[in-house]
Amino acid sequence: TSFDLVAADNFGLFVTGVLVIVGMVSLAISSHTVEQEGLPQGEYYALLLFSLAGMILMATATDLLLIFLALEVLSLAVYVLTGIRRDSPAAVEAALKYFLLGAFSSAFFLYGIPPTYSLTGTTSLDRIGSLMASRSLSPEPLQLIAVGLLLVGFAFKVSAIPFHMWTPDAYEGAPTAVAGFMSTGVKAAAFAAFARVFLSSFEPLHPQ
C-alpha cells in the first residue's frame, strides 16, 4: 500500500515513462563518458539510479512532505554527480554552488509546508485542494505566503528566472552525460510535481 502518498494515475505513469526513457538514454551514453574521464563506475551508476528513483517518486507523490523527501533524494545524488570529476576545479565549483543554492531553495520549500498545514491540518494534496477551494473567495495572507514559498522552491528546480543562477555553472562543470540527464530528467520531475501542487491543490488561488 502507498498510504495515499503516491498516485499511480495516468499523469504519474506518463511522467514515470518519460523519466525511465531519459534514464535509459542517460545510462546508454554514460559508458563513453565514464571510460573517457575515468569516473568511478560504481558510484556514478548508483547515484544516477538513486536520482532517477527520486524523480519518479517526486512525480507520483501526492503529499507535500513526500515531495520534499523525493526532492532531496534526487538533489543530493545530482549534487555529487555534478562534482564527480574530483580533479576538475570547475566541477568542484559547480557542485558547491549547486549544493549551496539547492539547500537555500529547499529551505524555502520546507518553510512553505508549515503555513499550508496550519491552514488545512494536512499535507495531502487532495485534501489541501478541497480546503483551499472553500477559502478561495477570501484568501488569507498565510495562504499567499505558503504559495510564494513553495513557488520559490519549485522555481529553483526548474531554473525559472530569477532562480536560474546555478544552471550555467552546473551544466558546464558536470560531465556531458550528467548535464544532459539534469537538463531533462530533473526538469521533467520538477514540472510534474509543480503541476500537481499548483494546478490542483492551489488552483483555487490561481488569480492571486
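See the structure shown above.
Please read all numbers here as calculations on a predicted model, not as lab measurements.

Put simply, helix 1 (residues 10-37) and helix 8 (residues 176-201) touch, their axes get as near as 9 Å, and they point 170° apart. It follows from the interaxial angle that helix 1 and helix 8 lie roughly antiparallel. Contacts between helix 1 and helix 8 involve Phe11, Gly12, Val15, Leu19, Val22, Gly23, Ser26, Ile29, Ser30 and Thr33 from the former and Ala177, Phe181, Thr184, Gly185, Ala188, Ala189, Ala192, Ala195 and Arg196 from the latter. The residue makeup of the contact of helix 1 with helix 8, split by class, is eleven nonpolar, seven polar and one charged.

This paragraph deals with the nonpolar core. Tyr44, Met58, Ile67 and Met182 are the most contacted members of the largest nonpolar core, which totals 52 residues. Where this core is concerned, the elements lending two or more residues are helix 1, helix 2 (41-60), helix 3 (64-82), helix 4 (89-120), helix 5 (125-134), helix 6 (141-157), helix 7 (166-173) and helix 8.

On to the pattern of salt bridges, then. For side chains of opposite charge, pairing can occur when their charged atoms come near one another. Per the counting criterion, the structure on display carries four salt bridges. Between Lys97 and Glu93 there is a salt bridge whose closest N-O contact spans 3.0 Å. One end of the pair, Lys97, and the other, Glu93, are both in helix 4, four residues apart, so they sit about a helical turn from each other. A relative accessible area of 43% places Glu93 in the partly exposed class. With its nearest N and O atoms 2.9 Å apart, the salt bridge here joins Asp169 to Lys97. With Asp169 in helix 7 and Lys97 in helix 4, this residue pair connects regions lying 72 residues apart in the sequence.

A few words on the packing of aromatic side chains. With the rule as written, the count across this model stands at 13 aromatic pairs. Summarising the aromatic geometry, the rings of Tyr79 and Phe99 are spaced 5.6 Å apart at their centres and angled 90° between planes, so their arrangement reads as edge-to-face. Of this pair, Tyr79 sits in helix 3 while Phe99 sits in helix 4, placing them 20 residues apart in sequence. A centroid spacing of 5.1 Å and a plane angle of 85° characterise the contact between Phe109 and Phe154, whose relative ring orientation is edge-to-face. Remark: Phe154 occurs in helix 6 and Phe109 occurs in helix 4; sequence separation between them is 45 residues. One exposure class covers both Phe109 and Phe154, and it is buried. Aromatic ring contacts, followed pair by pair, group Tyr79, Tyr98, Phe99, Phe156, Trp166 and Tyr171 into a single cluster.

Turning our attention to helix 4. For helix 4, built from 32 residues, the straight-helix expectation of 46 Å at 1.5 Å per residue is met to within 8% by its first-to-last C-alpha distance of 47 Å. One or two residues past the end of helix 4 sits Gly121, with phi positive at roughly 75°.

Cut-off values and rules
Residues numbered from 1 in each chain as written. Predicted model: local features only at pLDDT ≥ 70, side-chain atom pairs only at ≥ 80, totals over all residues. Heavy atoms only, no water. Axes fitted to C-alpha atoms, helices over the stretch in contact; angles between N-to-C directions. Helix = DSSP H or I, 4+ residues; strand = E, 2+ residues; numbered from the N terminus. Parallel < 35°, antiparallel > 145°, perpendicular 65-115°, else oblique. Contact = heavy atoms within 4.5 Å. Nonpolar A, V, L, I, M, F, W, Y, C, P; charged D, E, K, R; others polar. Core = buried A, V, L, I, M, F, W, Y, C linked by side-chain atoms within 4.5 Å. Buried < 20%, exposed > 50% of the residue type's maximum accessible area, 1.4 Å probe, protein only. Salt bridge = Lys/Arg side-chain N within 4 Å of Asp/Glu carboxyl O. Phe/Tyr/Trp six-rings, centres within 6.5 Å; stacked < 30°, edge-to-face > 60°. Expected span 1.5 Å × (residues − 1).

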